[in-house]
Amino acid sequence: MFIPFFENLRKAGIPVSLREYLTFLEGMKKGLATHDIEAFYYLARVSMVKDERNIDKFDRAFAASFEGLSEITFDQVLEAVDIPAEWLAKMAEKHLSDEEKAEIEALGGFDKLMETLRERLKDQQGRHQGGNKWIGTAGTSPFGAYGYNPEGVRIGQKESRHQRAVKVWDKREFRNLDDTVELGTRNIKVALKRLRRWAREGAAEELDLDGTIRATAEHGYLDVKTRPERHNAVKVLLFLDVGGSMDPHIKVVEELFSAARSEFKHLEYFYFHNCLYEGVWRDNRRRWDAQTPTHEVLRTYGPDYKCIFVGDASMSPYEIAYPGGANEHWNAEAGQVWLQRAREQWTSNLWINPVPEKYWEYTHSIGMIREIFEDRMVPMTLAGLERGMRELTR
């Protein structure tokens, strides 16, 4: 019965192997997920998903594989759902707080709720819309979707509406882990880890187990050795575009900035607007009276830094190509001149663009920036960041 599930996983683009599928079947045979739908879900996922970027694809394939309960007779459902009493008690403890238990009035408790569900499945003969008893949509029945009840089992509804469901059968999670979507801070950290370069520095405070064993064997007595802890030694210089067309991307850029600050011990950052010119700044509230000359930045940070620009690269082409083209001040030198100086100083460089890659060809200035950076531009997705981190480690 699980072969269609296996086929759906493959069709969804999940590289599940026959060996992994057999491991899943062995777990089912051992009784690891007999009466618990959540245990069944997690057993299947841990057995057949080896990359967290595929979790959302797995969720969709899982839902597609097991959504056909309407084609099964209610007698078959009752026979299959032989739920032990102790499992019901555990589910009540797991899903209900003391306050929620006190609020349950509709049916008189979780045990009664599940018992009534079984009875309704047995008696109901078809789809039901509205009302307060049958399993269906809308209404005040405790079973179904798009209705309201102070306690209930949500079936066939994509999202929570009242936060009242005791049990949810089809809840998708981890949608932001797909490598084609924009990121949250946690996901960005996963991608940035590829840029790590470990080095031991600081005081010798960490136990050196191998060194202790070796020294003890050589000297004939316990000779404890310590060593400096390992730290991420990579140096990153971050230039962040702010204002104007970047306003819709504030949230995701903030998440990137937060992730970078936690991942890299040696991180320096500056803000700019649209294109790099003769001045940058650290505080947007003082962008006009507390700018740092770009020449000073070029002299201060050595060529061992990894240089990352973050911006939508969406501007007038004149802002890149001509002196005086900047839209807020008179720039004596063209923006492309400053970008070339930055790329010559920090040869390991990258431009991260929050605009989806499929729209890049429609904006002339994005093409100009890509050309200046010799196509070292990546979208702000998990796959894009991983590609960019590989580029920076070359």
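Thresholds applied
Residues numbered from 1 in each chain as written. Predicted model: local features only at pLDDT ≥ 70, side-chain atom pairs only at ≥ 80, totals over all residues. Heavy atoms only, no water. Helix = DSSP H or I, 4+ residues; strand = E, 2+ residues; numbered from the N terminus. Contact = heavy atoms within 4.5 Å. Areas by Shrake-Rupley, 256 points an atom, 1.4 Å probe, with all protein chains shown as cover. Salt bridge = Lys/Arg side-chain N within 4 Å of Asp/Glu carboxyl O. Buried < 20%, exposed > 50% of the residue type's maximum accessible area, 1.4 Å probe, protein only. Core = buried A, V, L, I, M, F, W, Y, C linked by side-chain atoms within 4.5 Å. Phe/Tyr/Trp six-rings, centres within 6.5 Å; stacked < 30°, edge-to-face > 60°. Lys NZ or Arg CZ within 6 Å of the ring centre and 35° of its normal. Pairing = 2+ DSSP bridges. Right-handed = clockwise from strand over helix to strand, strands pointing away. Axes fitted to C-alpha atoms, helices over the stretch in contact; angles between N-to-C directions. Patch = residues over 30% accessible without salt bridge, like charges linked within 9 Å, V, L, I, M, F, W, Y side chains within 5 Å. Arc of directions from axis to C-beta. Parallel < 35°, antiparallel > 145°, perpendicular 65-115°, else oblique. Left-handed = near helix turned anticlockwise from the far one by under 90°. Nonpolar A, V, L, I, M, F, W, Y, C, P; charged D, E, K, R; others polar.

S.K.: Would you mind showing me how to read the overall build of the protein chain here?
M.R.: Helix and strand counts for the protein chain stand at 16 helices and 15 strands. Considering only residue pairs separated by 6 or more positions, the protein chain has 62% of its internal contacts joining residues 24 or more positions apart. Carbon and sulfur atoms form 51% of the exposed surface of the protein chain, whose accessible area is close to 22000 Å².

S.K.: It is not clear to me how the pattern of salt bridges should be interpreted in this structure. Could you clarify?
M.R.: Should the charged atoms of two oppositely charged side chains come close, the side chains can pair. Applying the stated rule across the entire model yields ten salt bridges. Salt-bridge contacts for R341 lead to E333; the nearest nitrogen and oxygen are separated by 2.7 Å. Residue class for R341 comes out partly exposed when judged on its relative accessible area of 25%. Here R376 makes a salt bridge to E391, at a shortest N to O gap of 3.2 Å.

S.K.: Would you mind showing me how to read the environment of G279 here?
M.R.: Mapping G279 onto the fold places it in strand β11 (residues 279-280). Look past the residues within four positions of G279 in its chain and what remains in contact with it is Q291, T292, P293 and T294.

S.K.: Explanation requested: the nonpolar core in the structure shown.
M.R.: A general tendency of soluble globular proteins is for nonpolar side chains to be buried together. F239, F309, L339, W346 and W351 are the most contacted members of the largest nonpolar core, which totals 31 residues. Listed by contribution, the elements that provide at least two residues to this core are β9 (235-241), β10 (266-272), α12 (294-300), β13 (306-310), α14 (335-345) and α15 (364-372). It is α15 that provides the largest number of residues to this core, a total of four residues. Excluding its chain neighbours within four sequence positions, the residues that come into contact with L339 are C275, L276, F309, W351, I369, I372 and F373. By size, the runner-up hydrophobic cluster in this structure holds 29 residues, among which are L238, V252, F257 and Y271.

S.K.: Would you explain the packing of aromatic side chains in this entry?
M.R.: Geometry of an aromatic ring pair is reported as the spacing of the ring centres plus the angle between the planes. Summed over all chains, the structure comprises 24 aromatic pairs. Here F5 and F62 contribute two aromatic rings whose centre-to-centre distance is 5.8 Å and whose plane-to-plane angle is 85 degrees, an arrangement assigned as edge-to-face. One end of the pair, F5, is in helix α1 (residues 3-11); the other, F62, is in helix α4 (residues 55-65), with 57 residues separating them in the sequence. For the ring pair Y21 and F24, a centre distance of 6.4 Å and an interplane angle of 35 degrees mean the geometry is tilted. With Y21 and F24 both in helix α2 (residues 18-29) and three residues apart, the pair spans about one turn of that helix. Residue Y21 is classed as buried on the basis of its relative accessible area, which comes to 7%. Given the relative accessible area of 0%, F24 is considered buried. The ring of Y269 has R282 lying over it, and the distance from NZ or CZ to the ring centre is 5.3 Å. Over the ring of F270 we find R282; its NZ or CZ atom is 4.4 Å from the centre of that ring.

S.K.: I'm lost on the pairing of β10 in this one. Help?
M.R.: Successive side chains on a regular strand alternate, one facing one side of the sheet and the next facing the other. Taking burial as the measure, the seven residues of β10 include five buried ones, the bulk of the element. As judged from the seven bridges shared by β9 and β10, these two strands associate in the parallel manner. Along β10, the bridge assignment pairs L238 with Y269. Following the backbone out of β9, through helix α11 (residues 250-263) and into the adjacent parallel β10, one traces a crossover that is right-handed.

S.K.: It is not clear to me how the sheet that holds β10 should be interpreted in this structure. Could you clarify?
M.R.: Hydrogen bonding along the main chain pairs the strands of a sheet, whether they run parallel or antiparallel. Read from one edge of the open sheet, five strands run β10-β9-β13-β14-β15, paired in parallel fashion. The open sheet has two edge strands with one neighbour each: β10 and β15 (377-379). Neighbour-to-neighbour, the strand axes of the sheet open up by a mean angle of 25 degrees, direction not taken into account. With five bridges connecting them, β9 and β13 associate as parallel partners. From the neighbouring strand, F239 faces β13, where its bridge partner is F309.

S.K.: What is the right way to look at a nonpolar patch on the surface in this model?
M.R.: Together, L207, L209, I213, L222 and V224 line one region of the surface with nonpolar side chains, adding up to about 520 Å² of accessible area. Summarising the element assignment, L207 is placed in strand β6 (residues 206-207). The exposure class of L207 is partly exposed, given its relative accessible area of 48%.

S.K.: Help me understand α1 in this model?
M.R.: One full turn of an α-helix is made of 3.6 residues, so residues set three or four places apart face in the same direction. Turning to α1, its buried residues are F5, F6 and L9. Projection of α1 onto a plane perpendicular to its axis shows the buried side chains occupying an angular sector of 100 degrees, all on one side. Elements that come into contact with the buried residues of α1 comprise α2, α3 (37-48) and α4. Once α1 ends, the next one or two residues include G13, with phi positive near 90 degrees.

S.K.: Looking at this structure, I do not really get the environment of G13. What am I missing?
M.R.: Residue position: G13 is located in the loop between α1 and α2. Judged by its relative accessible area of 42%, G13 falls in the partly exposed class. For the pair G13 and K57, spaced 44 residues apart in the sequence, the C-alpha separation amounts to 7.5 Å.

S.K.: Would you explain the packing of α2 against α3 in this entry?
M.R.: For any two helices packed against each other, the geometry is given by the interaxial angle and the distance between the axes. Contact geometry for α2 and α3: axes closest at 8 Å, N-to-C directions at 150 degrees. If you check the angle between α2 and α3, you find them roughly antiparallel. For α2 against α3, the interelement crossing comes out right-handed. Side by side, α2 and α3 meet where E20, Y21, T23, F24, G27 and M28 of the first sit next to F40, L43, A44, S47 and M48 of the second. Here the residues of the contact of α2 with α3 are counted per class, giving seven nonpolar, three polar and one charged.

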